[in-house]
Protein chains: 2
Amino acid sequence: MITLHGTPRSRALRVSWLLEELNVEWRFRFINFAKGDNRSKDFLALNPSGKMPVIEDGDLVLTESAAILRYLAEKYGKGQFLPEPGTAQSAKHEEWVSFVICELEQALWSMGKHRFALPEEQRLTTMLPVATFEFDRAAKIAESWVPESDYLLGEQFTVADVLLTQTLMWATAFKQTIPVKLGAYLARVQTRPALVAVLEKTEAIAKAAQ
Amino acid sequence: MITLHGTPRSRALRVSWLLEELNVEWRFRFINFAKGDNRSKDFLALNPSGKMPVIEDGDLVLTESAAILRYLAEKYGKGQFLPEPGTAQSAKHEEWVSFVICELEQALWSMGKHRFALPEEQRLTTMLPVATFEFDRAAKIAESWVPESDYLLGEQFTVADVLLTQTLMWATAFKQTIPVKLGAYLARVQTRPALVAVLEKTEAIAKAAQ
């Protein structure tokens, strides 16, 4: 049984979604930021940075959403969700993974950090327009790369789709402008039944805990 | 023949170093920022963001250093430099990769962006102390994780070692404080003959081109 620590709509959604796609046994442990759950002694023992998501799989404790997705896809996915290693398809997959977590997401995370996540004395409101500039610049590159196929690599739904889709959902929540082709991509992938189901499931758990 | 586009001491060092470790045929194409090489039509056709490193391997054009390292290790490494997929060792490897490129490096990249890489009107000198705060916080976590073994995963030198070592070299160049255990790790790994050789080789090429 895998335990996922997180909130329904956050980077933890990447993990809950893939767990649902993988059809493995897992449970959701809701981390209530408002109650300081992520600064509790128990949580900091799992991740000293206080960040989500974290998974426990037997003795293994793992942080960093991109690392968790790869681990789960490799261990439980039997070749689904990741292209064949060492191929050009795999190279392009890794390029998307890295671009999403290092470029697209970092601009959004800058907004989050300077709005609420950094200690108050480190927050700069002047960073918010810079972060929007950076998001727009990264989104423009992603727009030039995104295909019209169902998924980033064509017909195969992969880890990179989970990362890009959740990041675009995050951008929407932060009221950023999403270019046309990326928006159409988001609309297509957001209909995955596992994503719809897992949001319903985790939000019900979070609501019951509040 | 693989072509690497970049400068000697930058994220491109990650790639040149691994190419040297892999003992494959490759050539270095020096990108002279001072002469605007990274904004040339030819370079932007390879990477519309104007960022290095970029590799060409036959028809494949690949950007994003972490993606390039994984591709090269998978295609040419025959199981060296990456742990067995799906294992706990591999999970911990991926956690390091993600932590280095999303946390440790982003703080340094913030410094670079607000000093020289962003358009002038987007640069904030007030971000420099915030970036140092973020670097120190990430370095403290890395310090609590770094082992006393030769490499991050024990005796096996991996892609994560390339990423962490180059990032710590970058931090040194940016005059950041590196905690004790991380500093000892850096001193150990920096002696790899391939790293020493590739710096000498690429710096000679860059010097000749200037």
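Our structure's up above, just so we're on the same page.
Because the structure is predicted, anything quoted here is derived from the model rather than measured.

A.B. asks: Describe in detail the pairing of strand 4 (residues 60-63) of chain B, supporting the description with residues and values.
C.D. replies: Residue and element names in this part refer to chain B. Where strand 3 (residues 54-57) and strand 4 come together, four bridges link them in antiparallel fashion. Bridge assignment links Ile55 to a residue of strand 4, and that residue is Leu62. Taken together, strand 3 and the strand that follows it, strand 4, pair antiparallel across an intervening segment of two residues, in which Gly58 is found at a positive phi of about 65°.

A.B. asks: With reference to specific residues and values, describe the sheet that holds strand 1 (residues 2-6) of chain B.
C.D. replies: Residue and element names in this part refer to chain B. Taken together, four strands build an open sheet; the order of strands is 2-1-3-4 and the sheet is mixed. Either end of the sheet is taken by a strand with one partner, and the two such strands are strand 2 (26-30) and strand 4. When strand polarity is set aside, the average angle formed by the axes of neighbouring strands in this sheet is 20°. Bridge count for strand 1 against strand 3 is four bridges, and the pairing is antiparallel. Paired with Ile2 across the bridge in strand 3 is Asp57.

A.B. asks: With reference to specific residues and values, describe unusual backbone geometry.
C.D. replies: Cis rather than trans, the peptide bond between A:Met52 and A:Pro53 has omega equal to -5°. The phi torsion at A:Glu64 lies on the positive side, around 75°, for a residue other than glycine. With respect to the element layout, A:Glu64 can be found in the loop between strand 4 (60-63) and helix 3 (65-76). Accessibility expressed as a relative area gives 15% for A:Glu64, which makes it buried. The backbone phi angle of B:Asn23 is positive, close to 60°, even though this residue is not glycine. Within the secondary structure layout, B:Asn23 lies in the loop between helix 1 (11-22) and strand 2.

A.B. asks: Go over the packing of helix 6 (residues 159-173) of chain A against helix 7 (residues 180-189) of chain A, please, and point to the residues and values.
C.D. replies: All names here are of chain A. Contact pair helix 6 / helix 7: the axes reach a minimum separation of 10 Å and the direction vectors enclose 110°. Here helix 6 is positioned roughly perpendicular relative to helix 7, judged by the angle of their axes. For the element pair helix 6 and helix 7, the recorded crossing hand is left-handed. Contacts from Asp161, Leu164, Thr165, Leu168, Met169 and Thr172 in helix 6 reach Leu182, Tyr185, Leu186 and Val189 in helix 7. Looking at the contact of helix 6 with helix 7, its residues break down into seven nonpolar, two polar and one charged.

Rules and cut-offs
Residues numbered from 1 in each chain as written. Chains lettered and ligands numbered in written order. Predicted model: local features only at pLDDT ≥ 70, side-chain atom pairs only at ≥ 80, totals over all residues. Heavy atoms only, no water. Pairing = 2+ DSSP bridges. Helix = DSSP H or I, 4+ residues; strand = E, 2+ residues; numbered from the N terminus. Axes fitted to C-alpha atoms, helices over the stretch in contact; angles between N-to-C directions. Buried < 20%, exposed > 50% of the residue type's maximum accessible area, 1.4 Å probe, protein only. Parallel < 35°, antiparallel > 145°, perpendicular 65-115°, else oblique. Left-handed = near helix turned anticlockwise from the far one by under 90°. Contact = heavy atoms within 4.5 Å. Nonpolar A, V, L, I, M, F, W, Y, C, P; charged D, E, K, R; others polar.

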